[in-house]
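So you can see what is in the structure, the chains are spelled out below.
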Protein chains: 2
Amino acid sequence: MTEPTTQRDRRIDGRGSAEDRSDDQPGTPEGRRVVELLWAPAPQSPVRGPKPRISLPDVIAAGVAIADTEGMAALSMRKVANHLGVGVMSLYTYVPGRSELVELMIDRVYGEHALPSPELPWQQRVEQWARETWRIYDAHPWLLDYNMARLPVGPHVLDVSEALYAALLAAGFSGAENVAISNLIQWQLLGAARSMISDADEARHTGVSAEAYWDSRASFWESYFDWNRYPTMAAIWEAGGFDDPAGWDFERMLDRLLTGIEQSSAVSREPGT
Amino acid sequence: MTEPTTQRDRRIDGRGSAEDRSDDQPGTPEGRRVVELLWAPAPQSPVRGPKPRISLPDVIAAGVAIADTEGMAALSMRKVANHLGVGVMSLYTYVPGRSELVELMIDRVYGEHALPSPELPWQQRVEQWARETWRIYDAHPWLLDYNMARLPVGPHVLDVSEALYAALLAAGFSGAENVAISNLIQWQLLGAARSMISDADEARHTGVSAEAYWDSRASFWESYFDWNRYPTMAAIWEAGGFDDPAGWDFERMLDRLLTGIEQSSAVSREPGT
DNA sequence: TTCAACTCCGTACGCCGTACTGGATTAGAA
DNA sequence: TTCTAATCCAGTACGGCGTACGGAGTTGAA
């Protein structure tokens, strides 16, 4: 960290082309910046300018607060600035832009995950991991709006991933198999959370409850639904299969997953086609 | 449909309060409108005004075209209008707003799903269903940006759902069990697609390939990754478990799912806790 | 004391969705 | 034929967004 860091360097400076990096540091400038924000150990020594009135954690906390109460779509730089009592552009001193702020927010809430103790049996570890993940989705439903395909590579996100990998390793899965089962668990959890939580969440800040939503679509069921065209759905409906989210109830799903994994751990190891 | 339908009625007219619906039709006005757009059989008889220069399918097709090439984020009403050679506000004659347009676009691309023949054995039906779904995600990656928790209730969306439910019914699953397994399949597919396709897709219109992305984060691996803090991840990495998406390769995943379901179909039926 | 480094932020630009309003066009009623 | 109501079409405008730019004020080190 020898070269001087001017404001222009710290700001995002609009995606420079591949040629214009004269230094030999790895990666792109934006990538380096966000990695530094996620991992940088200290706000480096006291420096030259005036004392900052806010801090990076403040900005992240404000973002989380707004997203928690109003949803991800309502999160704007102006609102964050307002919440902190500063001008909008001041935020760009701390954060390169909105999307990087979101990455930081995600890593920050992953820090709330209470990691399972390595001494527990693997089933309990996986179970606690799943419950904690669910709890975080429930506390911060805006996570569910995020694609989740490319999680930010932050310390807390990695802690959480490591915990699941480690639990599955204890169950006897390693390498690609471990990754596959880990993905199985995460995607099930995410899918169920999206179905259950984001309904309730959307209700909270649009004022339209899930029932009201379906009621608003009621004309469909009355006028257009064709019982002959969709016989299986009709049968499931009449059997109560859609009542309550019993089919993807969290407890049942967890049970299913664990027993499925146990079986797979017992049988195991015939390669695919 | 006796009461006159003026433009003000057809337009979205800003979420009227619950009191102001004088008629006794079910659901909210917006809900009725989008349901009609999805299901209305014909553009009702020839009517009074000037001949329309474009049509609803044109608008939907333009939206799909733009989203296919530039991504969901780049889909704007202005671009759609431009693509059709009309003014922006003209679109609102055909579609209540952007979000409804997206719903219509989704149902439209679900119409590309080649439903499996009911005469095939259920495994082949599920397999073909999964391949078709994957193909559609691949052709229209912007679907993956959509939450997918609340799919639009359109005819094609329901056709696709019905096909999976029916195949699983043939496998012996009914009621809530059918729903649970159907969700399992869909969420796995969606998760895998989000991981694999949206990478490639993002690369296409941001110009940043997945390798370039990881390269841009390269400083992280060099400077910050702590092999002691993340031992399992390190082990998996060294074993090649992250190389290639072998762990969640589509074929392997499909195999895994089908055999898992078969086992579950054989064992089955011990209730949870 | 000077000055470079730094924080803060007002202004402005180009996007976005869409409300409002009115003009042009047409089919049926008179 | 003339009139009129229904309908399509769209210009203008408003409030919101992310953020580039440039400059004013503040501070510690030279």
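All figures in this text were calculated on a predicted structure; none of them were measured in a lab. (Residues numbered from 1 in each chain as written. Chains lettered and ligands numbered in written order. Predicted model: local features only at pLDDT ≥ 70, side-chain atom pairs only at ≥ 80, totals over all residues. Heavy atoms only, no water.)

Peer 1: I'd like a description of the overall build of chain A, backed by residues and values.
Peer 2: What chain A contains, in helices and strands, is 12 helices and zero strands. Going from the N terminus to the C terminus, chain A shows its helices and strands as α-α-α-α-α-α-α-α-α-α-α-α. Looking at chain A as a whole, 47% of its 273 residues qualify as buried. Of all intrachain contacts in chain A linking residues separated by at least 6 positions in sequence, the fraction that spans at least 24 positions is 68%. About 14100 Å² of surface is accessible on chain A, with carbon and sulfur atoms providing 53% of the total. (Helix = DSSP H or I, 4+ residues; strand = E, 2+ residues; numbered from the N terminus. Buried < 20%, exposed > 50% of the residue type's maximum accessible area, 1.4 Å probe, protein only. Contact = heavy atoms within 4.5 Å. Areas by Shrake-Rupley, 256 points an atom, 1.4 Å probe, with all protein chains shown as cover.)

Peer 1: Outline the pattern of salt bridges, listing residues and values.
Peer 2: Under the defined criterion, the tally for this structure stands at 10 salt bridges over all chains. Where Glu70(A) meets Lys79(A), a salt bridge forms, and the shortest distance between an N and an O atom there is 3.3 Å. Classification of Glu70(A) as partly exposed rests on a relative accessible area of 35%. Judged by its relative accessible area of 33%, Lys79(A) is partly exposed. Where Glu127(B) meets Arg131(B), a salt bridge forms, and the shortest distance between an N and an O atom there is 2.8 Å. Here the residue Glu127(B) and the residue Arg131(B) both occupy positions in helix H6 (residues 122-139), the gap between them amounting to four residues, near one helical turn. A relative accessible area of 27% places Glu127(B) in the partly exposed class. Taken together, the shared-partner salt bridges connect Glu127(A), Arg131(A) and Glu251(A) into one network. (Salt bridge = Lys/Arg side-chain N within 4 Å of Asp/Glu carboxyl O.)

Peer 1: Could you give an account of the confidence of the model for chain A, with specific residues and numbers?
Peer 2: Residue and element names in this part refer to chain A. Looking at chain A, pLDDT values average 82 and 75% of them are 70 or higher. When mean pLDDT is taken per element in chain A, helix H4 (residues 77-84) scores highest with 98 and helix H1 (residues 7-10) scores lowest with 34. Taken together, the stretch residues 1-24 has pLDDT below 50 and engages in 16 contacts with residues farther than four places along the chain or on a different chain. Across residues 269-273 the pLDDT falls below 50, and counting only partners more than four positions away or on other chains, this stretch makes four contacts in the model. (pLDDT = per-residue confidence, 0-100.)

Peer 1: I'd love a proper account of the environment of Asp249(A), names of residues and values included.
Peer 2: Residue placement: Asp249(A) occurs in the loop between helix H11 (231-238) and helix H12 (250-266). Sequence spacing of Asp249(A) and Ala192(A) is 57 residues, and the spatial spacing of their C-alpha atoms is 7.9 Å.

Peer 1: How would you explain empty space enclosed by the protein if you had to name every residue and give the values?
Peer 2: Residues and elements named next belong to chain B. Counted by the stated rule, this structure contains one cavity of 30 Å³ or more. Considering the residues around the largest cavity, the lining is formed by Tyr110, His113, Thr133, Ile136 and Val160. Of the residues assigned to the lining of the largest cavity, the class counts are three nonpolar, two polar and no charged. (1 Å grid on protein atoms, 1.4 Å probe; cavity = no way out; pocket = protein on both sides within 12 Å on 5 of 7 lines; lining within 4 Å. Points joined across faces, edges and corners; volume = space filled by probe spheres on them. Nonpolar A, V, L, I, M, F, W, Y, C, P; charged D, E, K, R; others polar.)

Peer 1: Give me the lowdown on the packing of aromatic side chains, citing residues and values where you can.
Peer 2: Summed over the entire model, instances satisfying the criterion amount to 10 aromatic pairs over all chains. Centre to centre, the rings of Trp39(A) and Tyr224(B) are 6.2 Å apart; their planes meet at 20°, and the pair counts as stacked. Taken together, the residues span two chains, with Trp39(A) in helix H2 (residues 29-39) and Tyr224(B) in the loop between helix H10 (218-223) and helix H11 (231-238). On the basis of relative accessible area, Trp39(A) is assigned to the buried category, the value being 12%. Measuring from ring centre to ring centre gives 5.8 Å for Phe242(A) and Tyr165(B), while their planes differ by 70°; the resulting arrangement is edge-to-face. Within this pair, whereas Phe242(A) is found in the loop between H11 and H12, its partner Tyr165(B) is found in helix H7 (residues 155-170), the two belonging to separate chains. A relative accessible area of 9% places Tyr165(B) in the buried class. Within the aromatic cluster, the residues linked to one another by ring pairs are Phe225(A), Trp227(A) and Tyr230(A). (Phe/Tyr/Trp six-rings, centres within 6.5 Å; stacked < 30°, edge-to-face > 60°.)

Peer 1: So, the packing of H6(B) against H7(B): which residues are in play, and what are the values?
Peer 2: Residues and elements named next belong to chain B. The geometry of H6 relative to H7 is characterised by a closest axis approach of 8 Å and an angle of 155° between their N-to-C directions. Taken as axis vectors, H6 and H7 run roughly antiparallel relative to one another. The hand of the H6/H7 crossing is left-handed. Residue-level inspection shows Trp122, Arg125, Val126 and Trp129 of H6 in contact with H7, the latter providing Val160, Ala163, Leu164, Ala166, Ala167, Leu168 and Ala170. Considered class by class, the residues forming the contact of H6 with H7 number 10 nonpolar, no polar and one charged. (Axes fitted to C-alpha atoms, helices over the stretch in contact; angles between N-to-C directions. Parallel < 35°, antiparallel > 145°, perpendicular 65-115°, else oblique. Left-handed = near helix turned anticlockwise from the far one by under 90°.)

Peer 1: Let's hear about the environment of Ala166(B): which residues, and what values?
Peer 2: Tracing the backbone shows Ala166(B) in helix H7. Along the primary structure Ala166(B) and Arg125(B) are separated by 41 residues, whereas in three dimensions their C-alpha atoms are 9.2 Å apart. Discounting chain neighbours no more than four positions away, the residues touching Ala166(B) are Thr232(A) and Arg125(B).

Peer 1: How would you explain unusual backbone geometry if you had to name every residue and give the values?
Peer 2: In the Ramachandran plot, Met148(A) falls in the positive-phi region, its phi being about 70° despite a non-glycine side chain. Here Met148(A) is to be found in the loop between helix H6 (122-139) and helix H7 (155-170).

Peer 1: Kindly report on the environment of Gly111(B), identifying the contributing residues and their values.
Peer 2: All names here are of chain B. On the secondary structure map, Gly111 appears in the loop between helix H5 (98-110) and H6. According to the relative accessible area criterion, Gly111 is partly exposed, its value standing at 37%. Sequence separation between Gly111 and Val157 is 46 residues, and the spatial gap between their C-alpha atoms is 7.5 Å.

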